[in-house]
Amino acid sequence: SGTPFTVLPLMPLDIYFLGTGGGRFSMLTQKRRTAGILLVHGETHVHVDPGPGALVYSNLARLDPQNLEGIVVTHCHPDHYTDAEVLIEAMSHGTRTKRGLFAAPKSVLIGNSDYDRGVSRYHSNLPATVETMKSGRSFGIDGLVLEAMEARHSETEGVGIRIRVPGVGDVGYTSDTGFFEGLSEQYRGLRILIACAMWPRWEHLRYHLNTEEVRIIVEKAKPGAVILTHFGMKMLNAEPGEEATYIEKETGIPVVAAQDGMRVIVSDRIEVRSSRKCESPRIIDA
């Protein structure tokens, strides 16, 4: 007896790694793209850290930037923000419609003592909503809830992000940060941690993470899975896949080195689809 009901299928989160390079020389050489990450949850499209190439590679992947509902820039460095203005124009349908949300720290929006504004006043007026990101502050983009996390970087107003996805769980993105006590605690309880791992474990770069520091974060935070991205030249020369294998062996938690064009589908399990068609997807029960 009783009223029958329909169980709706879980709406997955698609994570497109349009670019996996980071730092000056990866950006200047484009040995790895610097196009950032696109999150797709149903009809909600959010582009995170659209550095050089974000517009081109969005279109190449047939992910029309005019479908964007949100653009997020974590700090005022060019490998994270330089395509933000053209994506804002796309999100506003060629500046004809005031729509979407743009979120960034104060350094990007109005500048500070070290940086001029990264996005012009004109472009900042095109979205329907503008959010100033600061550690601990949350905001919503349709059904997604994004909270700015503390980061400690040379761009002192930079932040990481924790994203709450209905029915899927939480996804974390460290952005650029040095290691500090308390960093791991911010990213506990995640389905996926996306870690910006600039350099391999035997190298140290101030204000950035190497893979040994990512290993420590993973051991403490215990996410369901980890995606390494934002690779500097020394990391690329060391082979990111080998660094991912090292962290996975040390922690027992699945770790993937992102590739340009890789897609990750998060639902009741995590499916990692390589940009190389000859490779079978990796399925992670996490």
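Since the structure is predicted, the reported quantities are computational estimates derived from the model, not experimental observations.

### Comments concerning the overall build of the protein chain
Part 1: When its secondary structure is counted, the protein chain shows 10 helices and 17 strands.
Part 2: Its C-alpha atoms give the protein chain a radius of gyration of 18 Å, within 12% of the compact-globule value 19 Å for 286 residues.
Part 3: Each principal axis of the C-alpha distribution contributes one length, and for the protein chain these read about 65 × 50 × 40 Å.
Part 4: Per-residue burial over the protein chain gives 55% buried out of 286 residues.

### So, the packing of aromatic side chains
Part 1: A complete count under the given rule lists zero aromatic pairs for this structure.
Part 2: Over the ring of Phe-180 we find Arg-152, and its NZ or CZ is 4.2 Å from the ring centre.
Part 3: The aromatic ring of Trp-199 is capped on one face by Lys-234, whose charged end is 4.6 Å from the ring centroid.

### Examining the sheet that holds strand E6 (residues 129–132)
Part 1: In spatial order, the strands read E6-E5-E4-E3-E2-E1-E15-E16-E17; together these nine strands make up an open sheet with mixed pairing. The open sheet has two edge strands, E6 and strand E17 (282–284), and neither has a second partner. On average, each strand axis in the sheet is inclined to that of its neighbour by 15°, with strand direction left out of account.
Part 2: Where strand E1 (residues 13–17) and strand E2 (residues 37–41) come together, five bridges link them in antiparallel fashion. Bridge assignment links Tyr-16 to a residue of E2, and that residue is Leu-38.
Part 3: Those strands touched by helix H4 (residues 84–91) are strand E3 (44–48), strand E4 (68–72) and strand E5 (101–104), and its axis lies near 160° from that of E4.

### What about the environment of Ala-128?
Part 1: Mapping Ala-128 onto the fold places it in the loop between helix H6 (121–124) and E6.
Part 2: Ala-128 gets classed as partly exposed once you look at its relative accessible area, which sits at 46%.
Part 3: In this structure Ala-128 touches Lys-98, Arg-99 and Gly-100, once residues within four positions along its chain are discounted.

### Regarding the pairing of strand E11 (residues 192–199)
Part 1: The element E11 is largely enclosed, with a buried count of eight among its eight residues.
Part 2: Examined bridge by bridge, strand E10 (residues 169–173) and E11 share three bridges and lie parallel to one another. Counterpart to Val-171 in the pairing with E11 is Ile-192.
Part 3: One ladder, built from five bridges, connects E11 with strand E13 (residues 225–229); its direction is parallel. Each residue of the ladder has a partner; that of Ile-194, found in E13, is Ile-227.

### Description of the nonpolar core
Note that soluble globular proteins tend to have their nonpolar side chains buried in a common cluster.
Part 1: Ile-15, Phe-17, Ile-192, Ile-194, Ile-227 and Val-264 are the most contacted members of the largest nonpolar core, which totals 36 residues.
Part 2: Per element, the largest residue contribution to this core is four residues, and it comes from strand E9 (residues 159–165).
Part 3: In contact with Ile-194, not counting residues within four places along its chain, are Ile-15, Phe-17, Ile-37, Val-171, Gly-172, Tyr-173, Thr-174, Ile-227 and Thr-229.
Part 4: Met-149, Phe-180, Tyr-187 and Ala-197 belong to the second-largest nonpolar core, a separate cluster that totals 23 residues.

What counts, and where the lines are drawn
Residues numbered from 1 in each chain as written. Predicted model: local features only at pLDDT ≥ 70, side-chain atom pairs only at ≥ 80, totals over all residues. Heavy atoms only, no water. Helix = DSSP H or I, 4+ residues; strand = E, 2+ residues; numbered from the N terminus. Rg over C-alpha atoms; globule rule 2.2 N^0.38 Å. Buried < 20%, exposed > 50% of the residue type's maximum accessible area, 1.4 Å probe, protein only. Phe/Tyr/Trp six-rings, centres within 6.5 Å; stacked < 30°, edge-to-face > 60°. Lys NZ or Arg CZ within 6 Å of the ring centre and 35° of its normal. Pairing = 2+ DSSP bridges. Axes fitted to C-alpha atoms, helices over the stretch in contact; angles between N-to-C directions. Contact = heavy atoms within 4.5 Å. Core = buried A, V, L, I, M, F, W, Y, C linked by side-chain atoms within 4.5 Å.

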